[in-house]
Amino acid sequence: MHKRRKGLRLPVVIAAGVLAAGGLAATVQFSASADPQTDSASRQQQFTSAAEEFHVPVSVLLGLAYQESGWDAHGEQHSTSGGFGPMHLTDVTPAMMAAGGAGGAGRDDLASMAADPALHTLQAAAKLIGQSPDTLRKDSAANIRGGAALLASYQKDVAGGTPADADKWYGAVARYSESKQRQGAVAFADRVFNTVRKGAADVTQDGQRVRLAASPSVDPAESQVDRLHLKSAAAGNVECPPAVQCTFVPGSPAGVQVSNRPANGIRIDTIVIHDLETTYDAGVNYLASPTNSSATHYVMRSSDGAVTQMVPTTNLAFHAGNYSTNMHSIGIEHEGFAAQGATWYTEAQYEATATLVKYLAARFDIPLDRQHVIGHDNVPGPADKYVSGMHWDPGNGWDWGHFMTLLGHGYSGLHKTPTVGSVVTIDPGFADNVQTVRVCPGDDPSDTSSTACVDKQQESNFVYLRKSPDASAPLFGDQAIHGQTGDGTNRINDWGSTAQSGQQFVVADVQGDWTAIWFSGAKVWFHNPDGKNAKITYGVKVIRPAGSASVPVYGQSYPDAAEYPAGLSPSTQSALSMYSVPAGQAYVATEPPALTDDYFKSSGTVVFGGKKMYTIQYNHRVALVYENGVTATPVTQHWENRGN
């Protein structure tokens, strides 16, 4: 009944060759052994026992846990927002903030980002029941007891006791949301009591059957929320064009850094297209939860293109999994599931998003091209350990060609056989470009019943890349996923073996119907008879190593340590060790070189470095190289005759 919402709470687990599913909350399929219960009681009995022990109405405890986790446990694994177990007790660490939406790898202020007490309810719950925090992470019975004890403690603060009447627990449930804003606390409590009214039944991912009987007559004492003395969030004026239906719901403060972009010098030059991996309402609710450390600026509904703004554009939202990208971008989430292809991306949604993007581009002078309007799947990993697990939404089903046409900036150029040294824009069309993709358990969070991988034919926005000019040749395997020599796969989340609509590359070779491009430090091939799948492109810059050595590739753009003022701890970055630009290869610069920079929320300080970095189209994702290590050559209509 509510399987889709579970995609919001599942942890991201990356194994060799297995990538994170896209969107806000990547998911994996858990086996029945994932929950190491020390208590032999069923999950249903665990809720009943905890409710009796701490004098909590069992319907309230079940309704709250259903909203928090769908009653799933996941063993020792935490959710994407740092919550553990059925009660989603949070314990967010700096390491979690280094990944996730923040993408804060290399930053020295991660401890302060993760210090909010709302992100550490597990510690408080453990203390209440006299158990170690580690026990509450691992054991579902202890986790439920801890959550019940915490809820009961809130109820005593709100009402002075623990009444048997479920109606009188509204204030405690609102506080359990950990929201510092009235709207967020009320929205959470309303969802919990709506669940209590309607009832719910589900089978968890580890096979536990849990049921909440409907209580349609429940009438919660909503005025109790006044006792929490919460501030009302100022909605302000929504930043939307008049042609779209737009409302404002405040996003989680834990996923936002207040700033003053672009007035403080932080440029906004990129718009990132995401999908939620869940439904619109569930996505907005999740992003509004104060225990969530991710955020986005806008959310788009599938059915009619309605918009919810959640973060002012002046502020940084942790949406892209890369802090440098977060600094300079606006994130737009879409109702949908990447593994389901084009199913959720309606024309209403496309047109509303295009109207919004044009409005934002005009405000912030963002070029309307595929180099500045990108997918989450095009964002680079900030450091080695995060590259393979970067999200792959909105996936193969987002029709980039159509969307760019709606923006008034369809791809220019001609479909014809390219020459070596020319630049091509990948343009295979969409409706006629049906590709076979493999969808495996865990790739689609709305489908928790799949037990085997299935090949599906879907309209797609990419061309497959092979190691030689032959349809039977192995697919290229991205080095971060498959090592330096491994083959790629057609699994839907294996982004490394595809070049996407609108991306631009330098032609390395041509043989018959096959075109080779420089891609990820290698020479790879795609089928391109008579230029069918790519257009010849001019008016860009081509980047090459300035000398005979390979040029290192980066995922972030921080100043050098010596360029930070006294009192600010420098952020650090290292070259992505699996990648480089070898001498003799060439890549397209997606924008002019920009100064390295950094931002510190605590003081509102923007730090600029003295060096500049180019953003290049390196593989399926963009990457950064230092300006002083490369040469940049404009591509005119006759430039490609120089060869390569």
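Residues numbered from 1 in each chain as written. Predicted model: local features only at pLDDT ≥ 70, side-chain atom pairs only at ≥ 80, totals over all residues. Heavy atoms only, no water.

Quick word on unusual backbone geometry
Along the chain, Arg261 connects to Pro262 via a cis peptide bond; the corresponding omega equals -15 degrees. Position of Pro262 among the secondary structure elements: in the loop between strand S6 (256-257) and strand S7 (270-273). Here the residue pair Asp393 and Pro394 is connected by a cis peptide bond, since its omega of 5 degrees sits within 30 degrees of zero. By the secondary structure assignment, Pro394 is in the loop between helix H13 (384-387) and helix H14 (400-406). (Helix = DSSP H or I, 4+ residues; strand = E, 2+ residues; numbered from the N terminus.)

Things to note about the state of the cysteines
Applying the stated criterion across every chain, the model contains 2 disulfides. Here Cys240 pairs with Cys246 through a disulfide, and the sulfurs are 2.0 Å apart. Each member of the pair Cys240 and Cys246 is classed as buried. A sulfur-sulfur distance of 2.1 Å marks the disulfide that ties Cys440 to Cys453. On the S-S bond that ties Cys440 to Cys453, the torsion sits near 115 degrees, and the link is right-handed. Separated by 13 residues along the polypeptide, Cys440 in the loop between strand S14 (434-439) and strand S15 (454-459) and Cys453 in the loop between S14 and S15 bring together distant segments of the chain. Of the residues examined, Cys440 reaches a relative accessible area of 9% and is grouped as buried. (Disulfide = S-S within 2.5 Å. Buried < 20%, exposed > 50% of the residue type's maximum accessible area, 1.4 Å probe, protein only.)

Brief notes about the packing of aromatic side chains
On inspection of all chains with the given rule, the structure shows 17 aromatic pairs. When the ring of Tyr345 is compared with that of Trp398, the centres are 5.1 Å apart and the planes differ by 75 degrees; the resulting orientation is edge-to-face. Note that Tyr345 is positioned in the loop between strand S11 (329-334) and helix H12 (347-364) and Trp398 in the loop between H13 and H14, a separation of 53 residues in sequence. Between Trp398 and Phe403 the ring centres are 5.3 Å apart and the planes differ by 65 degrees, which places this aromatic pair in the edge-to-face class. As far as burial versus exposure is concerned, Trp398 and Phe403 are alike and both buried. Through a chain of ring-to-ring contacts, three or more aromatic side chains come together here, namely Tyr345, Tyr350, Trp398, Trp400 and Phe403. Sitting over the ring of Trp400, Arg370 keeps its end group 3.7 Å from the ring centre. Between Lys611 and the ring centre of Tyr626, over which it is positioned, the NZ or CZ distance is 5.4 Å. (Phe/Tyr/Trp six-rings, centres within 6.5 Å; stacked < 30°, edge-to-face > 60°. Lys NZ or Arg CZ within 6 Å of the ring centre and 35° of its normal.)

Here's the deal with the nonpolar core
Judged by nonpolar contacts, the single largest core of 72 residues is most densely connected at Leu61, Trp71, Met87, Leu151 and Val173. When residues in this core are grouped by element, the largest group, 9 residues, is from helix H7 (residues 140-159). Discounting residues that sit within four places of it in the chain, Leu151 has contacts with Val56, Val60, Leu64, Trp169, Ala172, Val173 and Tyr176. Formed by 39 residues, the second largest nonpolar core is a distinct cluster that contains Leu475, Ile481, Val506 and Val581. (Core = buried A, V, L, I, M, F, W, Y, C linked by side-chain atoms within 4.5 Å. Contact = heavy atoms within 4.5 Å.)

Here's the deal with the pattern of salt bridges
This model, assessed by the stated rule, comprises 19 salt bridges. For Arg438, the salt bridge goes to Asp455, with nearest N and O atoms at 2.8 Å. Taken together, the positions of Arg438 in strand S14 and Asp455 in strand S15 put the pair 17 residues apart, joining distant regions of the chain. In this structure Asp455 comes out as partly exposed when scored by relative accessible area, which is 42%. Residue Asp443 is joined to Arg491 by a salt bridge in which the shortest nitrogen-to-oxygen separation is 2.7 Å. Within this pair, whereas Asp443 is found in the loop between S14 and S15, its partner Arg491 is found in the loop between helix H15 (479-482) and strand S17 (498-500), the two being separated by 48 residues in sequence. A relative accessible area of 1% means that Asp443 is categorised as buried. According to the relative accessible area criterion, Arg491 is buried, its value standing at 16%. Put simply, Asp91, Asp134, Arg137 and Lys138 are held in one network by salt bridges that share partners. (Salt bridge = Lys/Arg side-chain N within 4 Å of Asp/Glu carboxyl O.)

Side note on the sheet that holds strand S5 (residues 246-248)
Note on sheets: strands pair through backbone hydrogen bonds, and any given pair is parallel or antiparallel. Spatial ordering of the open sheet is given by S5-S9-S8-S11-S7-S12, a layout of 6 strands whose pairing is mixed. Single-partner strands in this sheet number two, and they are S5 and strand S12 (373-375). Looking at each pair of strands side by side, their axes are set apart by 25 degrees on average, direction ignored. In this structure, S7 lies alongside S12, joined through 3 bridges in parallel fashion. Each residue of the ladder has a partner; that of Ile273, found in S12, is Gly375. Of the strands in this sheet, strand S8 (298-300) and strand S9 (307-309) are in contact with helix H10 (residues 280-288), which crosses S8 at around 165 degrees. (Pairing = 2+ DSSP bridges. Axes fitted to C-alpha atoms, helices over the stretch in contact; angles between N-to-C directions.)

Comments concerning the side chain of Ser302
Within the secondary structure, Ser302 is located in the loop between S8 and S9. Of note is the side chain of Ser302, whose polar atom sits 2.6 Å from the backbone oxygen of Trp344. Those residues in contact with Ser302 that lie beyond four places of it in its chain are Glu335, Trp344, Thr346, Ala348 and Gln349. (Polar contact = N/O pair within 3.5 Å; in protein donor to acceptor, adjacent residues only side chain to side chain.)

Comments concerning the sheet that holds strand S21 (residues 534-537)
Spatially, S20-S19-S18-S13-S21 is the arrangement adopted by the 5 strands of the open sheet, whose pairing is antiparallel. On the outer flanks of this sheet lie strand S20 (522-527) and S21, each paired with one strand and no other. In this sheet, neighbouring strand axes are inclined to one another by 45 degrees on average, regardless of whether the strands run parallel or antiparallel. Relative to strand S18 (residues 504-511), strand S13 (residues 423-426) is paired through 3 bridges, and the arrangement is antiparallel. When the sheet's bridge partners are listed, Val423 is paired in S18 with Val506.

Digging into the environment of Ala172
Position of Ala172 among the secondary structure elements: in helix H8 (residues 170-176). Note on Ala172: relative accessible area 0%, which makes it buried. The spacing of Ala172 and Thr313 is 141 residues in sequence and 33 Å in space, taken between C-alpha atoms.

Description of the side chain of Thr90
Among the secondary structure elements, Thr90 is positioned in strand S2 (residues 89-90). Reaching out from Thr90, the side chain makes a polar contact with the backbone nitrogen of His120 at a distance of 3.2 Å. In this structure, Thr90 is in contact with Ser81, Gly82, Gly83, Ala118, Leu119, His120, Thr121, Leu122 and Thr291, ignoring residues within four places of it in sequence.

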